[in-house]
Amino acid sequence: DLINKGQYEAAREALGELWSGIGQRPPVNNLPPAVEAEVVLQCGTLTGWLGSVRNVSGAQEPAKNMLSEAARKFRSRGMLSKVSEAQYELGICYWRLGAYDEARVVMTEALTPLEDSDVELKAKILVRRTLVEISENRYYDALNILKEAESVFESASDALKGRWHGQKGLILRRLGTAE
């Protein structure tokens, strides 16, 4: 939750001894498998965000490795919504690297196993999915993603509804400027 709020230092502190630094795999040998996967997911996510914010060269590769590992561990336990969460963060890493096709594919795959009850995660993925299209100046594609996802956002939290409206405004402004 702290990472999603952009409170990266607080998230780093919350991980305590499990945080070894940007790009460092956490020491998870003695943890139960599901907890191990969660810690690897959070450290991978935090590595990606801190690496981006601090302009740490090469930080996205170890972030991708940790996120892929977390996805495999969650998949082996049948925790499909957690697999989607790891894939979503992996897609963000690809986006940061400018690998837009890979980001698009991974984020689309992240949506596949989600159920109707996974509203919050679906909403987050869809908003971030539009970033890929915006980055490639594909504003109509980004707008279509939000239009098709409107029903998801109707039942989302107010914060996510706000992100949907904000993202739609950004897209419309860019579209207006481009045309």
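These numbers were taken from a predicted model, which means no experiment stands behind them.

How each quantity is defined
- Position labels on residues start from 1 in each chain and follow its written sequence.
- Selection of residues for local features in this predicted model requires a pLDDT of at least 70, selection of side-chain atom pairs for listing and counting requires 80 or more, and totals for whole chains, interfaces and linings are taken over all residues.
- Values reported for side chains reflect all heavy atoms of the structure, with hydrogen atoms and water molecules removed beforehand.
- When the sulfur atoms of two cysteines come within 2.5 Å, that pair is taken as a disulfide.
- Exposure classes here rest on a 1.4 Å probe applied to the protein chains alone. A residue is buried below 20% of its type maximum, exposed above 50%, and partly exposed in between.
- For this document, the term salt bridge refers to a Lys or Arg side-chain nitrogen within 4 Å of an Asp or Glu carboxyl oxygen.
- A run of DSSP states H or I qualifies as a helix once it reaches four residues; a run of E qualifies as a strand once it reaches two. Both are numbered from the N-terminal end.

### Observations regarding the state of the cysteines
Inspection of the entire model under this criterion finds zero disulfides. Free of any disulfide, Cys43 has its nearest neighbouring cysteine sulfur in Cys93, separated by 13 Å. Residue classification places Cys43 among the buried positions, given a relative accessible area of 0%. Residue Cys93 is classed as buried on the basis of its relative accessible area of 1%.

### Some points on the pattern of salt bridges
Using the criterion set out here, one finds 19 salt bridges in the structure. Arg104 is the salt-bridge partner of Asp101, the closest N and O atoms lying 2.8 Å from each other. With Asp101 and Arg104 both in helix H5 (residues 100–111), this residue pair falls three residues apart, about one helical turn. The class for Arg104 is buried, based on a relative accessible area of 12%. Between Glu136 and Arg138 there is a salt bridge, with the nearest N and O atoms lying 3.7 Å from each other. A single network of salt bridges, built from pairs that share partners, joins Asp101, Arg104, Arg129, Glu133, Glu136, Arg138 and Asp141.

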